[in-house]
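Remarks on the overall topology
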Amino acid sequence: MRNYESTFSKLLLVLFSLACMAFFALPLLWLLTAPFTPMTTLSVEIPDNPTLDNFRTVFKNEFAIRALFRNNLIIAGGAMLSVAAVATLASYGLSRTRIVGRDILVYVLMLFSSVVGGTAAMVPLFLLAYHLKLIDTHVGVILVMTGGLLPAAIFMMRDFVDSIPRSYEEAALVCGAGPFRIFRDIAFPLVRPGVAVVAIWAFVNAWGAFLIPVVMLRSPENMPASVALYSFYSEAGTPVHTLVSAYAFLYGLPVLVLYLLVNWRFGFRFFGGIKS
Amino acid sequence: MAKIQLENITKKFGELTAVNDVSLEVSDGEFVALLGPSGCGKTTTLRLIAGLEVPNEGRILIGDKEVTKLPPRERDIAMVFQDYALYPHMTLLDNIGYPLKVRGVAKPDMTARVTEVATELQIGDLLERRPGQVSGGQQQRASVARALVHQAQVFLFDEPLSNLDAKLRLEARAFLKHLQQEVGVTAVYVTHDQAEAMALADRIAVMNYGRVMQLGHPLDVYRRPANTFVAAFIGSPPMNLLPCEVDINAGKILFEGDRVLDIASYRERWGGVLKNGRDITLGVRPENIAISSTEVPGSIPSRVYVIQPLGGEWLVVTQVGGELVSVRLFQDEAPELSENVWLKFDLDRTFLYDKNGDLLQ
Ligand SMILES: Nc1ncnc2c1ncn2[C@@H]1O[C@H](COP(=O)(O)OP(=O)(O)OP(=O)(O)O)[C@@H](O)[C@H]1O
Ligand SMILES: [Mg+2]
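Analysis parameters
- Residues numbered from 1 in each chain as written.
- Chains lettered and ligands numbered in written order.
- Predicted model: local features only at pLDDT ≥ 70, side-chain atom pairs only at ≥ 80, totals over all residues.
- Heavy atoms only, no water.
- Pairing = 2+ DSSP bridges.
- Helix = DSSP H or I, 4+ residues; strand = E, 2+ residues; numbered from the N terminus.
- Axes fitted to C-alpha atoms, helices over the stretch in contact; angles between N-to-C directions.
- pLDDT = per-residue confidence, 0-100.
- 1 Å grid on protein atoms, 1.4 Å probe; cavity = no way out; pocket = protein on both sides within 12 Å on 5 of 7 lines; lining within 4 Å.
- Points joined across faces, edges and corners; volume = space filled by probe spheres on them.
- Nonpolar A, V, L, I, M, F, W, Y, C, P; charged D, E, K, R; others polar.
- Near = heavy atom within 4 Å.
- Polar contact = N/O pair within 3.5 Å; in protein donor to acceptor, adjacent residues only side chain to side chain.
- Areas by Shrake-Rupley, 256 points an atom, 1.4 Å probe, with all protein chains shown as cover.
- Core = buried A, V, L, I, M, F, W, Y, C linked by side-chain atoms within 4.5 Å.
- Buried < 20%, exposed > 50% of the residue type's maximum accessible area, 1.4 Å probe, protein only.
- Contact = heavy atoms within 4.5 Å.
- Donors = N, O, S within 2.8 Å, 3.2 Å for Na, K, Ca; no water.
- Salt bridge = Lys/Arg side-chain N within 4 Å of Asp/Glu carboxyl O.

Attention now goes to the sheet that holds strand β20 (residues 350-353) of chain B. All names here are of chain B. Taken in spatial order, the five strands line up as β13-β12-β11-β14-β20 in an open sheet, and their pairing is antiparallel. Looking at which strands have only one partner, the edges of the open sheet turn out to be β13 (259-262) and β20. For this sheet, the mean inter-axis angle between neighbouring strands, taken without regard to orientation, is 40°. Inspection of the sheet shows strand β11 (residues 240-247) paired to strand β12 (residues 252-255) by three bridges, in the antiparallel sense. Among the inter-strand pairings, V246 is bridged to a residue of β12, identified as I253.

Right, here's the structure in full:
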């Protein structure tokens, strides 16, 4: 009886998971097929005669292409570099020094980040950027994005840094190395997988950002792809499925490539050197 | 090479006193072993000398320079860590050569020197591998090589051979001994292995609860333990310790169960220091007891409990009242003993300890 029941509940669980999977997988499948279909609808169908015409049309839209291949790269790349650099140094410092109330500091930072990065702080952030003459500049967007992403990034990085035994750095100290050299030769190479994870995470976040760029930027030629996507809407305000899907396909590609690249280059391997 | 001086060093971790008022002087070219049970503060003492910890009290001098608060790189030391601490992302070549790289030695010179040291330690053909790709014993030798690769003022070893099998350990030990005699390195060497300490060290410091219980030449520490802790810690099996009462005027030692040992002829030696004869502990090593099946003068009766062969020697464990007394016999064939035997202590090598456990005389 109990066996029967547990089989039944397992079956239910599998069915439920399948339903959930279908719910999330369908849009992705659509994104894979739609761009290559001449007359796209909202249903997933394998195209009879696949075409690249949609991409040709998209590439004729200069505004959208500049948004994607210039502005988005600048914003996401800039945010990625600044978040990764600051988070690495900050978390290393936080992990390796004895500061009273260190953990509280990190949690308070976390808490504030949801405000700084969020809608609530948009007005003061806008005013701040205005007085610093950073409105309609990519630097302004990068700074605001960095501010919003940093606390969570530091939080993530600290886990990586904390998991590196201090013995390595102590061994280097005894070998005669100074603090800067130890960071460069020992600590940084060891936390590099963590840096890669945080960098990707920051890149993806900035890549998809909509609200902050739309508020901080003025001129169309500075807008990122998330805004430019709307240039593929008809005058009546409805999306042109063929072009939107083709553009979205291009929009999603770099994130995927970056992920694969970093995973291939750094992976998450870890060679031992400490007796356990 | 330089001498090391620790002056009244105390190191606390919160409530816990890991090193308690330790004074130790290691002369130029001397090899001192720190021996003691787990958690007694050996590693902490090494870390204090290395500059990885700063003492709460006391001074540390290397050469004639006070280094108490200086960072490690201003002390010119080399250290082997208990957990090896080889850099996982570097090859063994880069690991071992790191102290040279930091000092700006050119790559070809570094490679030559590393190969030389690594070959001595039999890991010369593993230099292209990373620490994760070699065995524990090989990692340990790599960390020893990293310490030896450059000529430091002071060498600190934290159980550097603990993970090697018996044969490799003997070879590595011989290599270290050779190095010590050849180069005359100043070294502090932490080990659990008494035989290793005896073999390598010029002097041994036995530690317990952060204090140095005895400091001396290995044979002195073995032959004349300064207190019952050292007596029970050094030697395998360790010294027999028997509670007793001494009546110095009558020239007698009284054990449990009315056993009496005549020490009239030793009144001279012990008389001066024995005021109160109660709560005394008698210590005698298993090899300094003669055993016989018949009563001989100056012996005490006991019962055979168990006889263990130790390969070329025998360990006879006997019972004196409630206490076990081990006797070592150096002979090939199994000892033939009746159940009741008499033990005769070599009184020249028998020691009395007061109720605090300190040696009397
Ligand atoms: N960083 C630290 N913080 C708190 N307590 C510590 C720290 N380092 C060591 N201790 C404590 O100090 C005492 C001495 O430690 P130490 O590592 O010196 O022992 P040890 O003699 O090397 O032992 P073992 O033979 O097991 O290596 C131990 O009780 C240990 O728990
Ligand atoms: Mg230790």
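That shown, we press on.
Moving on: the confidence of the model for chain B. Residues and elements named next belong to chain B. Residues of chain B with pLDDT of at least 70 account for 98%, and the chain-wide mean is 90. For chain B, helix α9 (residues 267-271) is the element with the lowest average pLDDT, namely 72, and strand β9 (residues 203-208) is the one with the highest, namely 96. Here the prediction assigns the complex a pTM of 0.81, and the interface score ipTM is 0.81.

The next subject is the layout of surface pockets. In this approach, a probe sized like a water molecule rolls over the atoms, and the result shows the empty space that is left. As a volume, the largest pocket reaches approximately 580 Å³. Along its surface, the largest pocket is lined by 24 residues, and R96(A), R166(A), E170(A), L173(A) and L52(B) are the ones closest to its centre. Elements represented by at least two residues in the lining of the largest pocket include exactly α3 (62-96), α7 (167-174) and α8 (179-207) of chain A. Per-class residue counts for the lining of the largest pocket are nine nonpolar, five polar and ten charged.

Before going further, it helps to examine the site of ligand 1. All names here are of chain B. Neighbouring residues of ligand 1: 13 residues in total, closest S38, G39, K42, T43 and T44. Q82 places a side-chain nitrogen or oxygen 2.9 Å from an oxygen atom of ligand 1. Here ligand 1 loses 61% of its free accessible area of 640 Å² to cover by the protein chains. Broken down by element, the residue count for the shell around ligand 1 peaks at three residues, all from helix α1 (residues 42-50). Each residue belonging to the shell around ligand 1 can be placed in one class, and the counts come to four nonpolar, seven polar and two charged.

A few words now on the nonpolar core. General note: in soluble globular proteins, nonpolar side chains tend to be found buried as a group. Counting 101 residues, the largest nonpolar core has I186(A), Y247(A), Y87(B) and Y98(B) as the members making the most contacts within it. Non-local contacts of I186(A), meaning those with residues more than four positions away in its chain, are made with Y168(A), E169(A), A172(A), R181(A), Y87(B), H89(B), M90(B) and Y98(B).

So, about unusual backbone geometry. Here the amide bond leading from S236(B) into P237(B) is cis, since omega sits at 0°, within 30 degrees of zero. Tracing the sequence through the fold places P237(B) in the loop between α8 (228-233) and β11. Unlike most non-glycine residues, K133(A) shows phi in positive territory, near 60°.

All names here are of chain B. On the protein side, the magnesium ion (ligand 2) has T43 (OG1) and Q82 (OE1) as donor atoms, found 1.9 to 2.4 Å from it. Taken together, the residues T43 in helix α1 and Q82 in the loop between β6 (77-80) and α2 (92-102) connect sequence positions 39 residues apart. On the accessibility criterion, T43 (26% relative accessible area) is partly exposed.

This part covers the side chain of E53(B). Residues and elements named next belong to chain B. Topologically, E53 is positioned in the loop between α1 and β4 (57-62). Within polar-contact distance, the side chain of E53 engages the side chain of R47 at 3.1 Å. Aside from chain neighbours lying at most four places away, what touches E53 is K11, F13, R47 and L48.

Here the structure, examined in full by the defined rule, presents 21 salt bridges over all chains. With its nearest N and O atoms 3.8 Å apart, the salt bridge here joins D162(A) to R158(A). With D162(A) and R158(A) both in helix α6 (residues 138-162) and four residues apart, the pair spans about one turn of that helix. With relative accessibility at 15%, the residue R158(A) sits in the buried group. For R328(B), the salt bridge is made with E313(B), and the minimal N-O distance between the two is 2.7 Å. Placement of the pair is R328(B) in strand β18 (residues 323-329) and E313(B) in the loop between β16 (300-309) and β17 (314-320), with a sequence separation of 15 residues. In terms of burial, R328(B) and E313(B) fall into one category: buried. Taken together, the shared-partner salt bridges connect E170(A), K11(B), R47(B) and E53(B) into one network.

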